[in-house]
Amino acid sequence: MKKNKISFQTFDEFIIQQMNCSDRVSAYQKFYQTLDKTIQPASIPTMKRWFGIDGHAMPSREQIFILAFSLKLSPSECEIYLTRGLWQPAFQINDYQETVYLYGLENQLPFEQCQMMMEDFEASLEGDIHLSQTHSTQELMTQYQHNKHLPYDEFFNWMLENASYFKGYSHTALNYMTKYQDLIIQSAREDALSILKRELAETEYPTWRKYHFLKNSESDAIKNFLYKHMKQDPEHRDQLLYLTKLAYYTETSNIHLIRELFSGSITNAMNPSSEQKKYPAMTEKRMSDLLSAGLQRERLLQAKIIAQKLKDLKVSNKCPDVLKKQLHKLGIYNYDSKNFSVREAISVSEKFLKSQKHRCLLIQRSDLLPMIYYMVERDYIKQISGNMEKYSREDALTYFVQIANSTLSACNMALLNYDYLPDSLIYQCFQENELHSLSDIIEVIEHT
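Residues numbered from 1 in each chain as written. Predicted model: local features only at pLDDT ≥ 70, side-chain atom pairs only at ≥ 80, totals over all residues. Heavy atoms only, no water.

### Observations regarding the environment of Leu-82
Argument step 1. Note on placement: Leu-82 falls in helix α5 (residues 75–85).
Argument step 2. Take Leu-82: its relative accessible area is 0%, and that puts it in the buried class.
Argument step 3. Along the backbone, Leu-82 and Ala-414 are 332 residues apart, and their C-alpha atoms lie at a distance of 9.4 Å.
Argument step 4. Leave out the neighbours within four places in its chain, and Leu-82 touches Arg-61, Ile-64, Phe-65, Trp-87, Gln-88, Pro-89, Ala-90 and Phe-91. (Helix = DSSP H or I, 4+ residues; strand = E, 2+ residues; numbered from the N terminus. Buried < 20%, exposed > 50% of the residue type's maximum accessible area, 1.4 Å probe, protein only. Contact = heavy atoms within 4.5 Å.)

### Regarding helix α8 (residues 137–147)
Argument step 1. Of the residues making up α8, those classed as buried are Leu-140, Tyr-144 and Asn-147. For α8, the buried positions fall inside an angular range of 70° around the axis, keeping them on one side. Residues of α8 that are exposed and point over 90 degrees away from its buried face: Gln-138 and His-146. (Arc of directions from axis to C-beta.)

### A few points about the confidence of the model for the chain
Argument step 1. For the chain, mean pLDDT is 85; residues scoring 70 or higher make up 86% of the total.
Argument step 2. Overall, residues 264–279 carries pLDDT values under 50, and its contacts beyond four positions in sequence, including any with other chains, amount to 42 contacts. (pLDDT = per-residue confidence, 0-100.)

### Considerations on the packing of helix α17 (residues 293–311) against helix α19 (residues 342–357)
Angle between the axes and distance between the axes are the two parameters that describe a pair of packed helices.
Argument step 1. It is the contact of α17 with α19, at a shortest axis distance of 10 Å, that shows an interaxial angle of 150°. If you check the angle between α17 and α19, you find them roughly antiparallel. For the crossing formed where α17 meets α19, the hand is left-handed. Facing α17, whose interface residues are Gln-296, Arg-299, Leu-300, Ala-303, Lys-304, Ala-307 and Leu-310, α19 presents Val-342, Ala-345, Ile-346, Ser-349, Phe-352, Leu-353, Gln-356 and Lys-357. (Axes fitted to C-alpha atoms, helices over the stretch in contact; angles between N-to-C directions. Parallel < 35°, antiparallel > 145°, perpendicular 65-115°, else oblique. Left-handed = near helix turned anticlockwise from the far one by under 90°.)

### A closer look at helix α16 (residues 284–291)
Argument step 1. Every buried residue of α16 is accounted for by Arg-286, Met-287, Asp-289 and Leu-290. The buried residues of α16 occupy an angular sector of 165° when the element is viewed end-on, so they sit on one face.

### Details of the packing of aromatic side chains
Argument step 1. Scanning all chains against the criterion turns up 27 aromatic pairs.
Argument step 2. Taken together, a centroid distance of 4.6 Å and an interplanar angle of 45° make the contact between Tyr-418 and Tyr-427 tilted.
Argument step 3. Among the aromatic residues, those joined into a cluster by ring pairs are Tyr-96, Tyr-103, Phe-121, Tyr-144, Phe-155, Trp-158 and Phe-166.
Argument step 4. Cation over ring: Lys-37 sits above Tyr-32, and NZ or CZ is 4.6 Å from the ring centre.
Argument step 5. Over the aromatic face of Tyr-180 sits the side chain of Lys-179, whose NZ or CZ is 5.0 Å from the ring centroid. (Phe/Tyr/Trp six-rings, centres within 6.5 Å; stacked < 30°, edge-to-face > 60°. Lys NZ or Arg CZ within 6 Å of the ring centre and 35° of its normal.)

### Regarding the nonpolar core
Argument step 1. Grouped together as the largest cluster of nonpolar side chains are 54 residues, with contacts concentrated most on Phe-31, Phe-51, Tyr-81 and Met-159.
Argument step 2. Aside from chain neighbours lying at most four places away, what touches Phe-31 is Ile-15, Met-19, Met-47, Trp-50, Phe-51, Leu-67 and Leu-71.
Argument step 3. Leu-290, Leu-368, Leu-435 and Ile-441 belong to the second largest nonpolar core, which has 45 residues in total. (Core = buried A, V, L, I, M, F, W, Y, C linked by side-chain atoms within 4.5 Å.)

### Some remarks on the environment of Gln-402
Argument step 1. Structurally, Gln-402 is set in helix α21 (residues 393–410).
Argument step 2. Using a relative accessible area of 53% as the deciding quantity, one classes Gln-402 as exposed.
Argument step 3. Separated by 14 residues in sequence, Gln-402 and Leu-416 place their C-alpha atoms 9.8 Å apart.

### Examining the pattern of salt bridges
Argument step 1. All chains considered together, the criterion is met by 12 salt bridges.
Argument step 2. The partner of Glu-218 in a salt bridge is Arg-209, with the nearest N and O atoms 3.1 Å apart.
Argument step 3. By relative accessible area, Glu-218 is classed as partly exposed at 31%.
Argument step 4. A salt bridge links Asp-289 to Lys-285; the nearest nitrogen and oxygen atoms lie 3.0 Å apart. Residue Asp-289 and its partner Lys-285 are located together in helix α16, separated by 4 residues, close to a single helical turn.
Argument step 5. Relative accessible area serves as the criterion here: at 2%, Asp-289 is assigned to the buried category.
Argument step 6. Beyond isolated ion pairs, a larger network of salt bridges with shared partners links Lys-285, Asp-289 and Arg-359. (Salt bridge = Lys/Arg side-chain N within 4 Å of Asp/Glu carboxyl O.)

### Side note on the packing of helix α12 (residues 218–229) against helix α13 (residues 234–248)
Argument step 1. Where α12 contacts α13, the two axes come as close as 10 Å, and the packing angle between them is 175°. The orientation of α12 relative to α13 falls into the category roughly antiparallel. Packed against α12, whose contacting residues are Glu-218, Ser-219, Ile-222, Lys-223, Leu-226 and Tyr-227, the element α13 presents Arg-237, Leu-240, Leu-241, Thr-244 and Tyr-248 at the interface.
Argument step 2. Classifying every residue of the contact of α12 with α13 gives 6 nonpolar, 2 polar and 3 charged. (Nonpolar A, V, L, I, M, F, W, Y, C, P; charged D, E, K, R; others polar.)

### Observations regarding unusual backbone geometry
Argument step 1. You will see that Asn-20, though not glycine, has its phi angle at about 60°, which is positive.
Argument step 2. Along the chain, Asn-20 turns up in the loop between α1 (11–18) and α2 (24–34).
Argument step 3. At Gln-108, a position not held by glycine, the phi torsion is positive, near 55°.
Argument step 4. Along the chain, Gln-108 falls in the loop between α6 (96–106) and α7 (111–124).
Argument step 5. For Gln-108, a relative accessible area of 73% corresponds to the exposed category.

Now the structure itself:
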């Protein structure tokens, strides 16, 4: 396999470019002189690492928003930091916090006023609010464009009127991820069934099955045979049991998807250094949280509403029954404590908020692109009937670019750009005479 140079733009290169400087020291000095020192997004050592000074670090999405206010960026300039600096989606208009940030930057409001607006919004909501799960993002953006220059109070009222639409995640991105997940699982299941039949054909199973007319399912029959007749080869038996589970398992399994697609080596390659983490590891929990975005966001918002209402109460008082019921619904309070105080309620709600924020994840390009490539690779091979003599690198790459950019555009994400790490890695899969899996590419890179 030919290994081309893997090149991509790191955040320090990006921000140095934004400062219009040729070296990192002068870029940082220009940055720090421009920065509003009253709203610094991070400590000085951390910000220096953004420029590659004394190490490397990458800001969080929240830090980019604070940075935008501190540098007095326009909404479009902030969007460049999000999409080209972090390789993340642009402003999520369906997230009330990001809508407030967008409105604040548009109208040059102080950062503190935006923070107060978010708290007032949360305090004005009812704990039993149900977020809309419909495709309302584009409609919300259209309304925002009409209302973005309204006076503060009028804009706040518009947000309250549309509170149920601020679900905090892209339904479009979630739908694409779910669709690709289903396709990959189905594809993996078909492969597993094909391999399983071939492996079983080389055992006594066909003859055994002919004389064992069991009433149970085919999968149970296979398991029955494997446990009874392959005791002497437990390793091979376990492999066949795994294939059986994958081939006949009727429900979508995240762990099967991860094994099929997101190997540990991919995660490592997308994290070039421990100091500059670009992508979180794809685990079963992360996949589950991404796919249950609606539930996770709703639970977070309900907890924030409760926390705002608790602020107005005397900490030594008993927690009101209505708030105890809401805490119980979130699984925070179990009614064991008869003298459950406001102080205790604040304590448990703060712990819940901290953990729940980590479960409210944003679907990113790096989540979607490996899934898109996996399906494009398989579909293209089917198009040429598995005959690699018909393989055309140009045709395969063009097909991938069309599908990927269509998906990314619909999800309001940056289009393919081989200056980005995941894009650059996938580009390597399109070799001159053959296609390779992403895990194959990573393995070659790691061992050279």
